[in-house]
Every structure is written in structure tokens, then in C-alpha cells.
Amino acid sequence: MPIAVGSKGVGVGTSGGAQQTVRASLVFDQVILMLLPQLTVNGAASVEHLLQLPRTAVVEPPYLATVYAGRADWTRASNVGRLRQQDVSGSAQARTTVIVDFGVLRTVAAVGVLDALNLQVIQVKPWTGIAFAQDAIYQGISDTGRFTVTADSPALDPAARAIASFSSEIKTERLQIDLVGKVSDAALADALLVQLPDVPSDLDLRINGGLPVWSAPGPVAAGTAGWQAADQGLLEQSVDLSAAFTALLSDPTASPTDMVDLHLVLSARVPGALTLEVPTSATVLHITRVNFEQGTRELTFAEEGRIGVPLPLPAWAKKVARLQGTVLAKLPPLRVLPPVGPDAVTVQQNGVTRPFAELMLDPDHAAAVALPGTFGLAVITGVRVPLRPDAGGAEARVLLLQSADDEPGAPVDGGVSQPVTLNPPTSDADVWTTFAFPQPVKIDAAALPFVGVIVTRGKATWAMTDSADGGQAWRGPPTGPLQELPTLGALAALHARARVMGTASADQPVAPLLLRLGAGAATPVTPTPKGVPVELRPPTLVDATVAGGAVLDVVSRVAGTVTLKDVLAVVTNA
């Protein structure tokens, strides 16, 4: 759901509608000094923006912040260096000596003040590497010789200027600036300026002082490193911060009401006019742990089939956007396809559910089904058929029949199962019986065999389906010929049911598991004993507030045990 995010002291927008932005910038309004030149202060070594997000937050992309950068021109000296001032006032005049320590070499073209009524520049000296130079690069007094500013020196008469321009740009680590006048440390930090002619370079963006989540090496120049022209002579880039926020947050053990302050700091090695714009709203989901007992959920498949796994979620979780976790299993290469269904068509008769149509099989009547496809298998090792014997039980066998002009033909070599005893039914549920062949049978996808069923003792019924996973039914005496069932009336949509057992080729494997959350296609998964990561993204949110809503469907194409571990849900809380 969208939530508002903003900056303290700057203002917070609201979610929805056109996306709004809040600018965290050190681009200041023009300052008109009385009787003095006009200065625009727009430089910084860094700018900061503060957001608040839940500790459980998963920020959906895109969450695009915009970085603006350009030549700084003027900037407050306190933005790009450390200031140390010393009061050297004497009885004749109030004076201040200021050391600006940049920490690195900076190119400087001038020094200025915003408070020329209280401060005037006497002189400026650069650092030579071992000391400040004897010769000043700027002097604002009539005497251009060398002099030392001390409390004992007489009153000086500087020209009242806001800008102390150098005859040429200099590159230095420090400046010594001698001023007429005295102000507090805070007032000095606000008033003292330096002019930096270089374009900003080596930008990076960090969150809460961590490693950079974005960087732009080198100088800011149009057409390079992704920089594009923007307004006011600046250049811009867009940065998607969704992944960075999600990596920093996403605590599945926290509450969605537990908020975290996120300090976004845009920095430049060479200062400049820097601006950072961030959206005031974002689509924020929440992550939470699916608390199975013992932290895992073990699923045992006695045969192929489906198991629905309810997801125990906290009460505040309303809808599920996706699910992620680890699936562990050691499953054999055998596959049974389809693993679920096809289901019989049923009708209600006197309150009892019965099959709509069945094939009756006995020693005088056999049947066969055309395989609708290979299901991805390269060889067949057996067939499973849902035969229902009468109360006395029955015995049956299955054989593969060659396709002769799309009709059941002679038996396939090696494709005849041993007889299998069918015990009397104990419930109305389907019982799928396995008929294994003595050896694997390679199949030709262009001429798939038919599956023949012969009952050698007793009687059995074979309920039919209207599913596309079924195949065309044929019926006749065990010795043939078999005749295709007529496609008349309701029988036209009915097919016989069977499941194929076998293995796939190594270059086209068939995953043993299918996982699904909500609507949409299932995700094939091939687990390992050490586990494989899985992420499920349903096309629409799954409602966790209704019974049976948040359920993970696990379909196995083979018997075995599957373990779900470290399962996390990304949810909404509204």
C-alpha cells in the first residue's frame, strides 16, 4: 500500500495522484547586500534527506530519487571545510583570524562574506604545505606590503567588500582569512564564503552512513556517466532506491509500526551545487515470517498428488503479495504425469455422487486409452489407472499397444505388466493402481502408444473424464479388435483416464514439484537435500483474511518427503 515519506522540516506529501517531490538542497536564495555586490550561495560537499519507513518495509520498485549537480560557484566555507577562528582584537579594532581547513586540495577563486556590515576581509593567505604563505593572495587595505594581524597592530582601513577575488585561482588545502570585525562561531559559519570554480566530481549516495548505494565517479559532465541536462544549469540522474531500502529494512521479526529513520546523504569529493529529490510516496509492503511449528513444514507424499499448506500469518497481515523460502527434498528421477487428475465426471443420484459414465471391464471386455501426450517423458516405466473392482475384487494387467494408423495395434515389446490384484473398494475415492513394466520402454513422441487394460478375473469399472488430460477410449475383446467409442451426445466430450510413469531426458528435465500461491501458473521446483530458494509471485494479491485464502499448493509428481524452510511472506497490512 502507498505510504507517505518525507523530510523533517521540509514537508511531507501525500500518497496517491501525481507523484510529488520534496527538495533537500543547499541552493539558497540570492542575498542582496546593502551597497555591495550580489552573491548566490549554492555549493555544498553534501546534502541530506531524512525518510521514515517501517522496519518491515519492502519498497516496491521503482522508487526513483533524482540527483542534481552542477558547478557550485559560491558556497559557505563551513560546507566544505572546518573553520577555526581566533579573536585577535585589540583596543583599536575588533579583528578575527579564521583558518579554513578543506582537508583536501581545493581550487579556490575568491573569498566572500554575507555580513559585510560586521565583517570585512583584510587579507587571505594560502597554505604552502608547511605553513601559510608570507605573501597574501588578496589584501583589502591600502598598504600592499606584508603585515601581521595582531592585537597590537593599529586600526586598518579595509575596503568594504563582500568579495575578495584572487588575481588567479589557487589550489590549496587551507586558507588563512583575516577579517575586520568579530562574530560568533555560528554567525561566522553562516557568513564566510569561498568561490569554488571546479565542477563537482566523485558523487555517491549513502543511507545511514553505509556503503554507497549509488555513485558517479569523475567530474559531472553532460553526456557522460548518465548525466543529462536539467533546469537552472544543473545536470541530473535518476536512482532507484527500492532495492537499497529493502535490503536495509525487511525485518520479518518486527512490527509494521516500528519505524526507522533513514538518512540519505548525497556527497561529492569536489563540492558543487547538489540537490536530492525523493518521492513523497512509495508502495511499501511488509515482510513477515510464516511461523510453522519448529520453523519448518514437512510434507509426505505417499504417492503423486497435491497438498494444501495453510500459511500461519500474523493478524495484521491482510493480503499476500509474494512468498519466498527454501525447499528441501531428495526425490527420485521417476515422474508420474499428470500428478493430479484427471477427475471423473460425476452426477448426483438420490443424494449419492456417482460417475457419469464408466467403462465396464471383465475377461470378455477390454479397453484402451490413447495417450494425449508424453508429458515430457522420454521413457515409460509403468502406468497408473483408476480401476474400481466390484465387491469380489478383480485382477488386471496393462499393456502398451503400438499405434497403427492412429489405432491400437500389436503389443509393444517389453510393455506388458504383471497381473495386479485389485482389492474390493473401501470408499468412494479414486484408487490409482500402478502397473509397472519389466523394463523401461522408450517412446516415440510422433507415434505414442495406446494403454490397454485387460481384466483377467472379476469385474472392474473405469470412470471417464471430460478433462483434456484424458485420452480417446477404445473398447473390444481382449484379443481385439478394439473399436473407438462413438462420439455421440454427451459421450463426445468423455475420455478415459490414465497416468504415465517414467523419466525425462537429461537435457529436458521435468521438475518433480509444482508450487502455486493464489491464481496463475504454478512454479516448477527441483529441490535438493541442501535446499533451493523459491519465490512465488501471484498475479493478484491473495486475501489472507478469508478461510482458505492464504494457502500454498504443493503438487508432487513423485512419492517422497518435502520440507519447507525459512518461509517469508510479503504482505499488506491493510
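Each remark here, short or long, concerns the structure printed above.
By convention here, each chain's residues receive numbers from 1 onward along its written sequence. Only residues with pLDDT of at least 70 are given local features in this predicted model, and only at 80 or more are side-chain atom pairs given and counted; all residues enter the totals for whole chains, interfaces and linings. The side-chain numbers reported here are obtained from all heavy atoms of the structure, hydrogens and water having been left aside.

1. A few points about the overall build of the chain
Part 1 of the argument: Regarding its fold elements, the chain presents three helices and 43 strands.
Part 2 of the argument: Here the radius of gyration uses the C-alpha set of atoms, whereas the globule reference equals 2.2 Å times the residue count to the power 0.38. Expected size for 574 residues packed as a compact globule is a radius of gyration near 25 Å; at 40 Å, the chain overshoots this value by more than 25%.
Part 3 of the argument: Judged by the C-alpha coordinates and their principal axes, the chain covers about 130 × 45 × 45 Å.
Part 4 of the argument: Burial status follows relative accessibility: with a 1.4 Å probe on protein chains alone, a residue under 20% of its type maximum counts as buried, one over 50% as exposed, and anything between as partly exposed. Residues counted as buried form 47% of the 574 residues belonging to the chain.
Part 5 of the argument: Counting only carbon and sulfur atoms, one obtains 51% of the accessible surface of the chain, whose full area is about 26900 Å². Numbering of helices and strands runs from the N terminus, with a helix taken as a DSSP run of H or I at least four residues long and a strand as a DSSP run of E at least two residues long. For the area figures, the Shrake-Rupley method with a 1.4 Å probe applies, and any residue is considered shielded solely by the protein chains shown.

2. Overview of the sheet that holds strand 33 (residues 433-442)
Part 1 of the argument: Note on pairing: two strands pair once DSSP finds at least 2 bridges between them. Pairing in this open sheet of four strands is antiparallel, and the strands run 24-37-29-33 from one edge to the other. For this open sheet the edge positions go to strand 24 (335-337) and strand 33, each flanked by a neighbour on one side alone. Put simply, the sheet's adjacent strands are angled 25 degrees from each other on average, direction ignored.
Part 2 of the argument: By the bridge criterion, six bridges tie strand 29 (residues 379-385) to strand 33 in an arrangement that is antiparallel. What sits directly across from valine 383, in strand 33, is phenylalanine 435. Note on definitions: angles span 0 to 180 degrees between N-to-C directions of axes, and those axes are lines fitted to C-alpha atoms, for helices only across the stretch in contact.

3. Some details on the pattern of salt bridges
Part 1 of the argument: Any carboxyl oxygen of Asp or Glu that lies within 4 Å of a side-chain nitrogen of Lys or Arg is treated as forming a salt bridge with it. Counted under the stated rule, the structure contains 16 salt bridges.
Part 2 of the argument: Among the ionic pairs, glutamate 60 bridges to arginine 322, the shortest N-O distance being 3.0 Å. A residue pair is termed long-range when its members are at least 10 positions apart, and glutamate 60 in the loop between strand 6 (57-59) and strand 7 (64-70) and arginine 322 in strand 23 (residues 319-329) qualify at 262 residues. Each member of the pair glutamate 60 and arginine 322 is classed as buried.
Part 3 of the argument: A salt bridge links arginine 322 to glutamate 535; the shortest N-O distance between them is 3.9 Å. Residue arginine 322 is found in strand 23, and its partner glutamate 535 is found in strand 40 (residues 532-536); the two are separated by 213 residues along the sequence.
Part 4 of the argument: Classification of arginine 322 by relative accessible area gives buried; the value is 7%.
Part 5 of the argument: Taken together, the shared-partner salt bridges connect Glu60, Arg322, Glu535 and Arg537 into one network.

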